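Observations on chain architecture
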Amino acid sequence: MTNRKLLLNYLIDIGGVATINNMYSLEAKSYKGGILQARKLFKFYVANGLIKHLDPIINPRNPSQEIFYFITKQGADFVGREDYKWKGVPKSPFNTFHESMKFDFALSWIKHFGSRETKIEYQRSFSKVRPDITITYKGRKYLVELERKKTIDRTVREKFIHYEKMFMEMKEKKYDNPKNYTVLFVFTNTWYNVFARPQQYEYYLGEIKVLHEMTKELAKKCRSDFLFMPFSDFYKLNDVVWYKSDGNRIKLI
């Protein structure tokens, strides 16, 4: 598969929307090198009507990080993705930080675990709970919560109880088996630059250390078998990056 088609396939696999920054190359040695190919390909896609940009709600400081593009029907046809149902022009995201995190995580999943047995959904609800991402992989559901909070308190107070109630309802009403689910919390505070790519991490070592400390503390507040990861580890989902409530880290799959 050519690079032109590979990147469009990735775009479709994660839902049809992304920024240039989301499509960075991990193999590059520098940040500029990491987005160079994506920048060139996006220019080609736009010129040929394969993608279009969404007008930002707020004037972007860095277009490559904050302007989102969506695939057109012509773009889906270009790569022969008859399985992709084009949904029309999406709304421009208001919270660019959160949406960028969401697509970073989804694309990392596809790159590590593949698209063949993966289904990614953003609007699915379970009882009264709607995860930021629902990933179905080999029959198992991974419910992903992307938490960008000043402190861990709101996550503990607002999210844990809803998931615990959801699983309790599953047991009582027997409409599903909680053992088929894994809840994943991906945490960052509001100071960390979520647009930073791994090539830039040498400038964020202090902030990343704080994220690990806060994520570990968040995990220890949990009484359930949820897993926790600092957002800075988004690019290595298949490594030992997931905190359990006992403070130890494990692989997800």
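The structure this text deals with has already been given above.
Residues numbered from 1 in each chain as written. Predicted model: local features only at pLDDT ≥ 70, side-chain atom pairs only at ≥ 80, totals over all residues. Heavy atoms only, no water.

Some thoughts on helix H2 (residues 31–47)
Its 17 residues place the ends of H2 24 Å apart at the C-alpha level, agreeing with the 24 Å of an ideal helix rising 1.5 Å per residue. The sharpest bend along H2 measures roughly 25° and falls at Gln37. Among all positions in H2, only Tyr31, Gly34, Ile35, Ala38, Leu41, Phe42 and Tyr45 are buried. Where the residues of H2 are buried, they touch helix H1 (3–13), strand E1 (17–18), strand E2 (51–53), helix H3 (63–66) and strand E3 (69–71). A distance of 3.0 Å separates the backbone nitrogen of Gly33 from a side-chain oxygen at the start of H2, and that oxygen is part of Ser30. Of the residues one or two after H2, Gly49 is the one with positive phi, at around 75°. (Helix = DSSP H or I, 4+ residues; strand = E, 2+ residues; numbered from the N terminus. Expected span 1.5 Å × (residues − 1). Bend = angle between axes of the 7 residues up to and from the residue. Buried < 20%, exposed > 50% of the residue type's maximum accessible area, 1.4 Å probe, protein only. Contact = heavy atoms within 4.5 Å. Polar contact = N/O pair within 3.5 Å; in protein donor to acceptor, adjacent residues only side chain to side chain.)

Topic: the sheet that holds E2
One open sheet holds the three strands; their spatial order is E1-E3-E2, and the pairing between them is antiparallel. Each edge of the sheet is formed by a strand with only one pairing partner; in this case those strands are E1 and E2. Note that E1 and E3 share two bridges and pair antiparallel. The residue bridging Ala18 from the neighbouring strand is Tyr69, located in E3. Sitting on the sheet, H1 is in contact with E1, E2 and E3, with an inclination near 95° to E3. Running over the sheet, H2 touches E1, E2 and E3 and is turned about 100° from E2. (Pairing = 2+ DSSP bridges. Axes fitted to C-alpha atoms, helices over the stretch in contact; angles between N-to-C directions.)

Re the environment of Asp246
Checked against the element boundaries, Asp246 lands in the loop between strand E9 (242–243) and strand E10 (249–250). Separated by 24 residues in sequence, Asp246 and Cys222 have C-alpha atoms that sit 9.3 Å apart. A polar atom in the side chain of Asp246 sits 2.9 Å from the backbone nitrogen of Asn248.

A short note on the packing of aromatic side chains
Under the defined criterion, the tally for this structure stands at 25 aromatic pairs. Their ring planes at 75° and their centres at 6.5 Å tell us that Phe105 and Trp242 sit as a pair that is edge-to-face. With a gap of 137 residues between them, Phe105 in helix H5 (residues 96–113) and Trp242 in strand E9 connect regions that are remote in the sequence. With a relative accessible area of 0%, Trp242 lands in the buried category. Clustering of aromatic rings is evident, with ring pairs tying together Tyr24, Tyr201, Phe231, Phe234 and Tyr235. Lys5 extends its terminal NZ or CZ atom over the ring of Phe78, reaching a point 5.7 Å from the ring centre. Seen from the ring of Tyr243, Arg249 lies directly overhead, with NZ or CZ sitting 4.5 Å from the centre. (Phe/Tyr/Trp six-rings, centres within 6.5 Å; stacked < 30°, edge-to-face > 60°. Lys NZ or Arg CZ within 6 Å of the ring centre and 35° of its normal.)

Considerations on unusual backbone geometry
For Lys138, which is not glycine, the phi torsion reads 50° and is therefore positive. By the element assignment, Lys138 lies in the loop between strand E5 (133–137) and strand E6 (140–148). Among the residues examined, Lys138 registers a relative accessible area of 56% and is labelled exposed. Look at Lys174: it is not a glycine, yet its phi comes out positive at around 55°. Here Lys174 shows up in the loop between helix H6 (153–173) and strand E7 (181–188).

So, the nonpolar core
The nonpolar side chains of a soluble globular protein tend to be buried with one another. Ile14, Met23, Phe105, Trp109, Ile135, Tyr192 and Trp242 are the most contacted members of the largest nonpolar core, which totals 63 residues. Here this core gets eight residues from one element, more than from any other, and that element is H5. In terms of nonpolar packing, the next biggest core, distinct from the first, is built from 20 residues, Val183, Phe187, Leu218 and Tyr243 among them. (Core = buried A, V, L, I, M, F, W, Y, C linked by side-chain atoms within 4.5 Å.)

The analysis is restricted to geometry; functional conclusions fall outside its scope.
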